[in-house]
Protein chains: 2
Amino acid sequence: MTGTPASSVLFPRVAFIGIGLIGSSLARAMRQHGLVGTIACHTSSDGSMEHAKELGVVDEVYRSAAEAVRGADLVVLAVPIGANAACAEAMASGLKPGAIVTDVGSVKQSVIRDVSPFLPDSVAFVPGHPLAGTEHSGPDAGFAELFISRWCILTPPPGTPEAAVARVRALWEAVGSKVDVMEPGHHDRVLAITSHLPHLIAYTIVGTADDLASDAKQEVIKYSASGFRDFTRIAASDPTMWRDIFLNNREAVLEIVQRFTEDLTALQRAIRWGEGEVLFDLFTRTRAIRRGIIDQGQAYGSGIAPPPVPEKVE
Amino acid sequence: MTGTPASSVLFPRVAFIGIGLIGSSLARAMRQHGLVGTIACHTSSDGSMEHAKELGVVDEVYRSAAEAVRGADLVVLAVPIGANAACAEAMASGLKPGAIVTDVGSVKQSVIRDVSPFLPDSVAFVPGHPLAGTEHSGPDAGFAELFISRWCILTPPPGTPEAAVARVRALWEAVGSKVDVMEPGHHDRVLAITSHLPHLIAYTIVGTADDLASDAKQEVIKYSASGFRDFTRIAASDPTMWRDIFLNNREAVLEIVQRFTEDLTALQRAIRWGEGEVLFDLFTRTRAIRRGIIDQGQAYGSGIAPPPVPEKVE
Ligand SMILES: NC(=O)c1ccc[n+]([C@@H]2O[C@H](COP(=O)([O-])OP(=O)(O)OC[C@H]3O[C@@H](n4cnc5c(N)ncnc54)[C@H](OP(=O)(O)O)[C@@H]3O)[C@@H](O)[C@H]2O)c1
Ligand SMILES: NC(=O)c1ccc[n+]([C@@H]2O[C@H](COP(=O)([O-])OP(=O)(O)OC[C@H]3O[C@@H](n4cnc5c(N)ncnc54)[C@H](OP(=O)(O)O)[C@@H]3O)[C@@H](O)[C@H]2O)c1
């Protein structure tokens, strides 16, 4: 792209494999901040990459992943994580020596397992995960501000050159994110509780409602109150993305589901036996966590506007 | 209050027992729309009712519930539902013949069980539940617009005079609500799924996180992503109110928790055995419910602003 100050260009040529919510948001943000020269792109369907070009999000589109990445200084894998292995294999022959490959997938051990084997030694792999998103998909859903004030977690496997990690860090910081480096397995365990379990629960409860007889289901929709309504928003997230997350973070998710189920069983028992203090104590303890999140300025996502009056938890 | 057009006054004198989030919101809305003459109030602590008077939400405060309701045309019970029986007993001797008693509690069978026995035959009882709220408490948290476009469900027991139901309906409609009449047990089963189960689940998952070792807990707060963050908001709701709800809607809640647990177990199994289609099918089905809620204009609560771009679910 012309007109961006050359001094701030971090990567003259960037290739995106996948240009949906996350890919197109990053591409928009890179352009906005003048971090990139030319953006090339490949996706699985012609229609969607042509559309991204029409939107002005990318400059060039290629039917072959290997063609798309040719000459790129940075390659961003931004596809559902189940597609990572195939994309890595398809693009490998086009990668230029010295290129950096990164990704944005929500699970990190599986990405390293799926992508690393296909990459030549001359290329550095710096896996990443921006903790930012909405329940929408596709290039139209993206926006340049998505990553502002959000964390991005990088999980470079042992032996990754420090200089490559530093350049990917600089990219995320330039688009407004805070960056941390973490061991991939640790990332997957933390995300299992902060993101994967909540989504599983939301899908379950909305599914439970969907299984009700037709009349009852209509009433649940009609009278959907706070709580359920919020769960339906989460449970409207992309099915492919979430299927892949659960299949690829199996152990960590099953472990935390197990704990959750034990805790729910204990509460169920307290309700059955009328143990009001058990309920009251838990309901008081949980407020401290909310307070912590508000204090860290992470209380509202990029997709939801905060309430007009600042939130307080006593 | 002076200055309101007399023609629109529905109840010349109204007494609130309890003036927290819901009570003070209703009092504010009644004033704003000129539906009331004088508002009297009683709560358990002097400080809180004096504060409501300072805020201008009520005109007169009384240390005795019987004194507060004396001469009132309408009495609104707006206390945690565990306090209903004691409040009904305490106020009964002050009720004037022909008065209407209503409430705003989140469970309806228990309110009828707890309150009806204390009411003289000369008084009509029209239990109600506005499906509106936030996770905040107390008179400062209330606002007149809380009920606009929200449902209010009335659950008059058999034999309640039609005229009394009509007047309470007129009140809620005048403050912006849509009103439905429902059998109390049916109300409790619907709310168990749309509100009580989601809150129980949110409390559980935040509790599960709170039980983690201190380091891990700090990380969960720090990296709290979409999903968990939303659950913490729900799990910051008032502990007394929610303890009372679970203790008083025990059967319906336990029944729906049981279904939910079965459904979660099935998903857990699908993850363990890598059954991607089971996950994908459920995650696709759940989107239809969200679409239904958006179509009915109930997608966002009074406490959360909708996102800048209208939400679409394909
Ligand atoms: N959404 C979130 O909230 C969020 C947050 C953080 C991280 N992530 C991660 O970001 C990644 C992308 O998610 P997203 O929300 O951006 O998804 P999305 O909006 O659905 O976009 C996915 C993109 O990948 C392309 N694609 C799919 N399969 C492909 C294949 N086999 N070969 C080439 N391109 C393919 C799609 O193009 P076609 O339409 O042409 O197939 C589309 O451009 C996922 O790994 C997810 O875990 C998501
Ligand atoms: N919050 C929601 O989202 C929501 C939504 C729909 C319905 N509801 C229902 O509305 C009712 C009130 O909830 P809220 O959110 O308004 O609660 P809140 O903000 O905590 O206010 C409760 C009020 O009740 C008073 N109170 C408590 N115990 C009392 C007693 N023994 N005698 C007299 N007054 C007493 C409190 O005064 P003191 O401080 O002096 O004790 C306070 O004024 C509950 O039954 C709840 O189920 C709540």
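Residues numbered from 1 in each chain as written. Chains lettered and ligands numbered in written order. Predicted model: local features only at pLDDT ≥ 70, side-chain atom pairs only at ≥ 80, totals over all residues. Heavy atoms only, no water.

Per an unreviewed UniProt entry, chain A goes by the name prephenate dehydrogenase and belongs to Insolitispirillum peregrinum. For the record of chain A, the UniProt heading Catalytic activity (unreviewed entry) holds the text "prephenate + NAD(+) = 3-(4-hydroxyphenyl)pyruvate + CO2 + NADH". Per UniProt, chain A has the following entry under Sequence similarities (unreviewed entry): "Belongs to the prephenate/arogenate dehydrogenase family." (UniProt positions renumbered as here; feature names shortened; annotations may be inferred.)

Asker: Quick question: what am I supposed to make of the site of ligand 1 here?
Answerer: All names here are of chain A. Around ligand 1 there are 26 residues in total, and S44, S45, S48, V79 and S106 lie nearest to it. Here an oxygen atom of ligand 1 and a backbone polar atom of V79 are 2.7 Å apart. Its free accessible area being 900 Å², ligand 1 has 82% of it covered by the protein chains. Within the residue set of the shell around ligand 1, elements represented by two or more residues are α1 (21-32) and β6 (124-130). A class-by-class count of the residues in the shell around ligand 1 yields 13 nonpolar, 13 polar and no charged. (Near = heavy atom within 4 Å. Polar contact = N/O pair within 3.5 Å; in protein donor to acceptor, adjacent residues only side chain to side chain. Areas by Shrake-Rupley, 256 points an atom, 1.4 Å probe, with all protein chains shown as cover. Helix = DSSP H or I, 4+ residues; strand = E, 2+ residues; numbered from the N terminus. Nonpolar A, V, L, I, M, F, W, Y, C, P; charged D, E, K, R; others polar.)

Asker: Sorry, what's going on with the site of ligand 2 here?
Answerer: Residues and elements named next belong to chain B. In the vicinity of ligand 2 there are 26 residues, among which S44, S45, S48, V79 and S106 approach most closely. The contact in question runs from an oxygen atom of ligand 2 to an N or O atom on the side chain of T43, over 3.0 Å. Residue S106 places a side-chain N or O atom 2.7 Å away from an oxygen atom belonging to ligand 2. When ligand 2 sits alone it has 900 Å² of accessible area, and the protein chains cover 83% of it. Of all the secondary structure elements, the ones that give two or more residues to the shell around ligand 2 are α1 (21-32) and β6 (124-130). Per-class residue counts for the shell around ligand 2 are 13 nonpolar, 13 polar and no charged.

Asker: When you look at the packing of aromatic side chains in this model, what are you seeing that I'm missing?
Answerer: Ring pairs (aromatic) are described by centroid distance and by the angle formed between their planes. Per the stated rule, a full pass over the model turns up 11 aromatic pairs over all chains. A centroid spacing of 5.5 Å and a plane angle of 75° characterise the contact between W151(A) and Y223(B), whose relative ring orientation is edge-to-face. Placement of the pair is W151(A) in strand β7 (residues 151-154) and Y223(B) in the loop between α8 (214-222) and α9 (228-234), with the two residues belonging to separate chains. The buried category is assigned to W151(A), whose relative accessible area is 13%. Residue classification places Y223(B) among the buried positions, given a relative accessible area of 4%. (Phe/Tyr/Trp six-rings, centres within 6.5 Å; stacked < 30°, edge-to-face > 60°. Buried < 20%, exposed > 50% of the residue type's maximum accessible area, 1.4 Å probe, protein only.)

Asker: Can you walk me through the sheet that holds strand β2 (residues 36-42) of chain B in this structure?
Answerer: Strands pair in a sheet through their backbones, by hydrogen bonds, and they do so in one of two ways: parallel or antiparallel. Residues and elements named next belong to chain B. On the basis of which strands lie adjacent, the open sheet formed by 8 strands has the order β3-β2-β1-β4-β5-β6-β7-β8 and mixed pairing. The sheet terminates laterally at β3 (60-61) and β8 (178-181), the two strands that pair on one side only. Note: β6 against strand β7 (residues 151-154), 3 bridges, orientation antiparallel. Each bridged residue has a counterpart across the sheet, and for G128 the counterpart in β7 is L154. (Pairing = 2+ DSSP bridges.)

Asker: For this particular structure, what's the right way to read the packing of helix α12 (residues 276-295) of chain A against helix α7 (residues 184-210) of chain B?
Answerer: Look at α12(A) against α7(B): their axes get within 9 Å of each other, and the N-to-C directions meet at 70°. Taken together, the axes of α12(A) and α7(B) lie roughly perpendicular to each other. In this structure, the crossing between α12(A) and α7(B) has a hand that is left-handed. Between α12(A) and α7(B), the contacting residues are L282(A), F283(A), R285(A), T286(A) and I289(A) on the first element and Y203(B), V206(B), G207(B), A209(B) and D210(B) on the second. Tallied by class, the residues present in the contact of α12(A) with α7(B) amount to 6 nonpolar, 2 polar and 2 charged. (Axes fitted to C-alpha atoms, helices over the stretch in contact; angles between N-to-C directions. Parallel < 35°, antiparallel > 145°, perpendicular 65-115°, else oblique. Left-handed = near helix turned anticlockwise from the far one by under 90°. Contact = heavy atoms within 4.5 Å.)

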